[in-house]
Amino acid sequence: MTTTVHDDKAAPWFVDFQDVWLAYNEQLLQQNHFAVEAIDLKVRQGEFIAIVGPSGCGKSTFMKLTTGLKMPSMGKILIDGQPVTGPLKISGMAFQAPSLLPWRTTVDNVLLPLEIVEPYRSQFKAKRAEYVERARKLLQKVGLGGYEDKFPWQLSGGMQQRASICRALIHEPKMLLLDEPFGALDAFTREELWCILRDLWTEQRFNVILVTHDLRESVFLADTVYVMSKSPGRFVVRREIELPRPRDLEVTYTQKFSDIVHELRGHIGAIRQTGAHTTA
Amino acid sequence: MNKKLIEMWAPWILLVVLILLWQILCSALEVSEFIFPSPWRIWTQFLEFKGIIAAHAWRTFWVTMVGFGIAIVVGVLLGFVIGSSRLAYAAVYPLMTGFNALPKAAFVPILVVWFGIGVGPAILTAFLISFFPIMVNIATGLATLEPELEDVLRVLGAKRWDVLVKVGLPRSMPYFYGSLKVAITLAFVGTTVSEMTAANEGIGYLLISAGSAMQMGLAFAGLLVVGAMAMVMYELFSVIEKHTTAWAHRGSQGH
């Protein structure tokens, strides 16, 4: 990172990466071939961060590290003050493909995490009615009222993605990880979902880590945008987005907004250029 | 609307046309009933021996169903094991493919030595010939899981077992029912083939004895009965499949 965080050292960071390196296996480790390198990251409680970068730059690897699905080869990761030792149940994930289960209704799809994660799991039978109510409320909140008992294949792509986000949030995670969640949607649906995500976050203030390659998306939604470089995956730029909240879609048409997008675009362009030079 | 109606009746119309053609050829060319019986001859023989045919058909039917039942149990269990473990898949699959390539009729003499003439060889042949597609389909259904979905569940602390039960098994159900349709017809083949050499009852036995008595009409009637039984069972599983796994037949997720 070009900018180091000089805030109060004692601040209770929610996500705290301390010089994290990851190679996918022993062989790659010996060849010093890392998927992500030297990641230092400090995220406040409730902060919304976005990670942008060219495809194949290790954004998804970063997500696996944050959720404890992968352990770093070197360095240390603390989430909510605790060292990460395995899959982190306090996180919810959603991806570009909604991957809903076609034999379950929308509400049953959203309930799936509660059938798996403790403490809900052991109370699932007893408290089913309560959980169903909760899932329905959440679905109504994202505009899927009336579609709760439909099957995923009866919903449009945007609706499926909303349901997928509900599934990620049903167990009230402290951290929401989104891997290009709106990548497959058309521009209008995408903007609609930005607002839904913004509203959910404003209300519940979980941490969000949004991986995307849509710069406008990252600037509109995030408090802080990180730009990642490609092979090795490193954070090269940290940009705080000082646009005031609440943000409205109108903000995306302001000069200030496009300046920030432009600036980030410049960084990405620079990365791509140097990448081209080294491979040529 | 009209087109749909025609489509529905098409197989029946074709069947009638074929039977008529067959009858006309037999009558016109005066083919001997001992060589190639006409449909009319088969029908009269069928009526004449319907009691005997029914008894043999019942025997073939229940023997097939027992063999098929064992095939479902073994096929599902084996499929579950090799579909849920990469190592088991690597170890078992090539051997199973080799085994499947063996002609099952060749097992009959061996089974006779082990179990004697009668029910044993027929049940086992039906089983041996029909468990393979069931196993393969269960395994395939289990093994094709989106990595993203696996991440979503694993991060919540899902064990392999949770993923298998919540996602893998339901996902493999359409494959499973599809394989039942194929397997039941194979099971009838297995039973009949086995009965031809290793039984004193069943359609297979009837075929052989009618043939050696030059009662071709009766032999053909027996064949038709096996075919009809297999078709009815096929359609039955087809209906069950449509009703239990409707989600798989409507164009799944929108991508």
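Whatever comes next refers back to the structure up there.
Residues numbered from 1 in each chain as written. Chains lettered and ligands numbered in written order. Predicted model: local features only at pLDDT ≥ 70, side-chain atom pairs only at ≥ 80, totals over all residues.

**Some thoughts on the overall build of chain B**
Alright, step 1. If you tally the helices and strands in chain B, you get 10 helices and 0 strands.
Alright, step 2. Taken along the three principal axes of its C-alpha coordinates, chain B extends 75 × 60 × 30 Å.
Alright, step 3. The proportion of buried residues among the 255 residues of chain B is 37%.
Alright, step 4. Of all intrachain contacts in chain B linking residues separated by at least 6 positions in sequence, the fraction that spans at least 24 positions is 75%. (Helix = DSSP H or I, 4+ residues; strand = E, 2+ residues; numbered from the N terminus. Buried ≥ 20, exposed ≤ 12 C-beta atoms within 10 Å, placed from the backbone. Contact = placed C-beta atoms within 7 Å.)

**Quick notes on helix H7 (residues 187–204) of chain A**
Alright, step 1. Over its 18 residues, H7 of chain A extends 26 Å from the first C-alpha to the last, a length consistent with the 26 Å expected when each residue adds 1.5 Å.
Alright, step 2. Immediately beyond the C-terminal end of H7 of chain A, within one or two residues, lies Arg205 of chain A, with a positive phi of roughly 55°. (Expected span 1.5 Å × (residues − 1).)

**Let's talk about the interface of chain A and chain B**
Alright, step 1. Contact with chain A, which involves 28 residues of that partner, is made by 22 residues of chain B.
Alright, step 2. Residue assignment for the side of chain A that touches chain B shows that the elements contributing at least two residues are strand S6 (91–95) and helix H6 (157–169) of chain A.
Alright, step 3. A total of 3 residues in the side of chain A that touches chain B trace back to one element, the largest contributor, which is S6 of chain A.
Alright, step 4. Across the side of chain A that touches chain B, the residue classes tally to 19 nonpolar, 6 polar and 3 charged. (Nonpolar A, V, L, I, M, F, W, Y, C, P; charged D, E, K, R; others polar.)

**Some details on unusual backbone geometry**
Residues and elements named next belong to chain A.
Alright, step 1. Looking along the chain, the bond that leaves Glu118 and enters Pro119 is cis, with omega of 5°.
Alright, step 2. The omega torsion across Arg245 and Pro246 is 0°, close enough to zero to call that bond cis.
Alright, step 3. Relative to the helices and strands, Pro246 resides in the loop between strand S10 (234–240) and helix H9 (255–279).
Alright, step 4. Of note in this structure, Asp80 is not a glycine but carries a positive phi near 55°.
Alright, step 5. The phi dihedral of Arg205 falls on the positive side, at around 55°, and the residue is not glycine.

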